[in-house]
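Reading the structure
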Amino acid sequence: MEKIISKYSTIIDDHNLNDENYFDDKDYISNSMLSLISKSPAHYIYSLYNKRPETEAFKFGSAFHCAFLEPSKFNKEYSVLDINMRPDNTKTMAAKVNKEWKEKYQMEARDKIILSNHMMSNITDMSMSLLGSMTVSSLFSDGEAENIYAWINNDTGVRCKGKFDYINHSLE
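Residues numbered from 1 in each chain as written. Predicted model: local features only at pLDDT ≥ 70, side-chain atom pairs only at ≥ 80, totals over all residues. Heavy atoms only, no water.

Once that is clear, we can look at the packing of helix α2 (residues 31-39) against helix α3 (residues 41-49). Relative to each other, α2 and α3 sit at 135°, their axes nearing to 5 Å. Classified by the angle their axes make, α2 and α3 are oblique. Between α2 and α3, the residues in contact are Met 33, Leu 36, Ile 37 and Lys 39 and Pro 41, His 43, Tyr 44 and Ser 47, respectively. Residues that form the contact of α2 with α3 fall into these classes: five nonpolar, two polar and one charged. (Axes fitted to C-alpha atoms, helices over the stretch in contact; angles between N-to-C directions. Helix = DSSP H or I, 4+ residues; strand = E, 2+ residues; numbered from the N terminus. Parallel < 35°, antiparallel > 145°, perpendicular 65-115°, else oblique. Contact = heavy atoms within 4.5 Å. Nonpolar A, V, L, I, M, F, W, Y, C, P; charged D, E, K, R; others polar.)

Structural data, given as structure tokens:
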């Protein structure tokens, strides 16, 4: 990857970007930021001061992304609320006893993102389907997930950043 980036740019090795600050960082420009600018400068400026709303689809996609690419990190960041384990299965989740159980679960999960059984089942099925493919398995082996690179574009002088989902070292 460095060969590709360094062909047109100068790699910045001492950047301060990491998983915790990557999306909040405004010192470097990313592909997502460029996409917003291409819609309009107003879209980009709005994104600088406003977080993107968290949708169920976004939560699901992020959870799948993490489960597939960084499985060791998944259980630290996500928790599954199995409503089949609720105290009173004869009543809905609107019942007081079940509501209290859910609230207690959410408190114990602390900062974890809570997924439904259905979401987790789909994530597992999708991951197993991908890993069942020899082609996919070979592409996602001998490499590293979620690598952050920073560089200066030689033509424009713009400081850029990218978070690559997966870099397969055997293909470099």
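Let us now look at the nonpolar core. Within the largest apolar cluster, 13 residues are counted, with the highest numbers of intra-cluster contacts made by Ala 63, Phe 68, Phe 74, Tyr 78, Leu 115, Met 120 and Ile 123. Of all the secondary structure elements, the ones that give two or more residues to this core are α4 (56-69) and α7 (117-131). Ranked by the residues each element gives to this core, the list is headed by α4, at six residues. Contacts of Ala 63, omitting those with residues within four sequence positions, involve Phe 74, Tyr 78, Leu 115 and Ile 123. (Core = buried A, V, L, I, M, F, W, Y, C linked by side-chain atoms within 4.5 Å. Buried < 20%, exposed > 50% of the residue type's maximum accessible area, 1.4 Å probe, protein only.)

Glancing now at the sheet that holds strand β5 (residues 159-168). The three strands lie next to each other as β1-β4-β5, forming an open sheet whose pairing is antiparallel. Two strands close off the open sheet at either side, each with one partner strand: β1 (9-11) and β5. Strand-to-strand twist of the sheet, defined as the mean angle between neighbouring strand axes without regard to direction, takes the value 40°. Across nine bridges, the pairing between strand β4 (residues 143-153) and β5 is antiparallel. (Pairing = 2+ DSSP bridges.)

Taken as a whole, this structure holds eleven salt bridges when the rule is applied. Of the charged contacts, one joins Lys 73 and Asp 19 as a salt bridge, the two residues approaching to 3.1 Å between their closest N and O atoms. Of the two residues, Lys 73 is situated in helix α5 (residues 71-77) and Asp 19 in the loop between β1 and α2; the sequence distance between them amounts to 54 residues. In this structure, Lys 104 engages Glu 108 in a salt bridge whose closest nitrogen and oxygen atoms are separated by 3.8 Å. One end of the pair, Lys 104, and the other, Glu 108, are both in helix α6 (residues 96-109), four residues apart, so they sit about a helical turn from each other. Classification of Lys 104 as exposed rests on a relative accessible area of 55%. Accessibility expressed as a relative area gives 51% for Glu 108, which makes it exposed. (Salt bridge = Lys/Arg side-chain N within 4 Å of Asp/Glu carboxyl O.)

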